[in-house]
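# Survey of secondary and tertiary structure
Listed here are the chains, written in short residue letters.
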Amino acid sequence: MNDELRELYQQVILDHSRKPRNHGEITEGAVHVHGDNPSCGDEIDLYVKFAADGKIEDIKFSGSGCAISQASASMMTLKVKGKPRADAESLSQDFRTIVTGEGTVKNEDALGELQLLEGVQHFPQRVKCAMLGWRALEQAIQMRAAGGSEGTTSSED
């Protein structure tokens, strides 16, 4: 990673971790997933409200943890809000590919600034941090399909 990209990465991560977007709770009609990363103590509570057509109508999160876990969750909420379920699932798969370095990204343009998290692939423990919110989103989508509204996920799974 060149110096300019490294600086941009740090600025974006710090901005999203200090001022997370879509931070809070949705109290009515949302699927709630609690996720944790036992190896470092990161925690997230994700609330996803789905429209009747399956589109992600609203999404919020709360929790605590390192800058990477909180920034990744913040960036995720911006990217998936208003998106159909299939688009959110595709974005999640592409993000996983970016941070693990395994596989082929299908739609790099859709990732936008999420691509700045690509460097975490060199730090396996940080991959779990970056993926925490995304794993919660994946579970929320599965729960919505199954008719559930509460669940838990772990980065250790």
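Treat the numbers as computed from the prediction; the structure is a model and nothing was measured.

So, on to the environment of Ala145. Positionally, Ala145 belongs in helix H5 (residues 124–146). Sequence separation of Ala145 and Gly54 is 91 residues, and the distance between their C-alpha atoms is 8.8 Å.

Pairing between side chains of opposite charge can happen when their charged atoms approach one another. A complete count under the given rule lists six salt bridges for this structure. Here Arg21 and Asp15 are joined by a salt bridge, their closest N and O atoms 2.5 Å apart. We note a salt bridge from Lys81 to Asp58, for which the minimum N-O separation is 3.3 Å. Placement of Lys81 in the loop between helix H2 (67–80) and helix H3 (85–100) and of Asp58 in strand S3 (residues 56–64) is noted, with a sequence separation of 23 residues between them. Owing to a relative accessible area of 18%, Asp58 belongs among the buried residues under this scheme. The network of salt bridges with common partners includes Asp15, Lys19 and Arg21.

The next thing to look at is the nonpolar core. Nonpolar side chains in soluble globular proteins tend to be buried together. If you look at the biggest cluster of nonpolar residues, it comprises 40 residues, and the most contacted ones within it are Val80, Phe95, Val99, Trp134 and Leu137. The set of elements that each furnish at least two residues to this core consists of helix H1 (3–18), strand S1 (31–37), strand S2 (42–50), S3, H2, H3 and H5. Top element by residues in this core is H5. It accounts for eleven residues. With sequence-adjacent residues up to four places away left out, Phe95 is seen in contact with Ser72, Leu111, Leu114, Leu117, Ala130, Met131 and Trp134.

All told, the structure shown has one aromatic pair when counted by the stated rule. Arranged with centres 4.7 Å apart and planes meeting at 20°, the rings of Phe95 and Trp134 form a pair that is stacked. Residue Phe95 is found in helix H3, and its partner Trp134 is found in helix H5; the two are separated by 39 residues along the sequence. When its relative accessible area of 0% is taken as the criterion, Trp134 is described as buried.

Cut-off values and rules
Residues numbered from 1 in each chain as written. Predicted model: local features only at pLDDT ≥ 70, side-chain atom pairs only at ≥ 80, totals over all residues. Heavy atoms only, no water. Helix = DSSP H or I, 4+ residues; strand = E, 2+ residues; numbered from the N terminus. Salt bridge = Lys/Arg side-chain N within 4 Å of Asp/Glu carboxyl O. Buried < 20%, exposed > 50% of the residue type's maximum accessible area, 1.4 Å probe, protein only. Core = buried A, V, L, I, M, F, W, Y, C linked by side-chain atoms within 4.5 Å. Contact = heavy atoms within 4.5 Å. Phe/Tyr/Trp six-rings, centres within 6.5 Å; stacked < 30°, edge-to-face > 60°.

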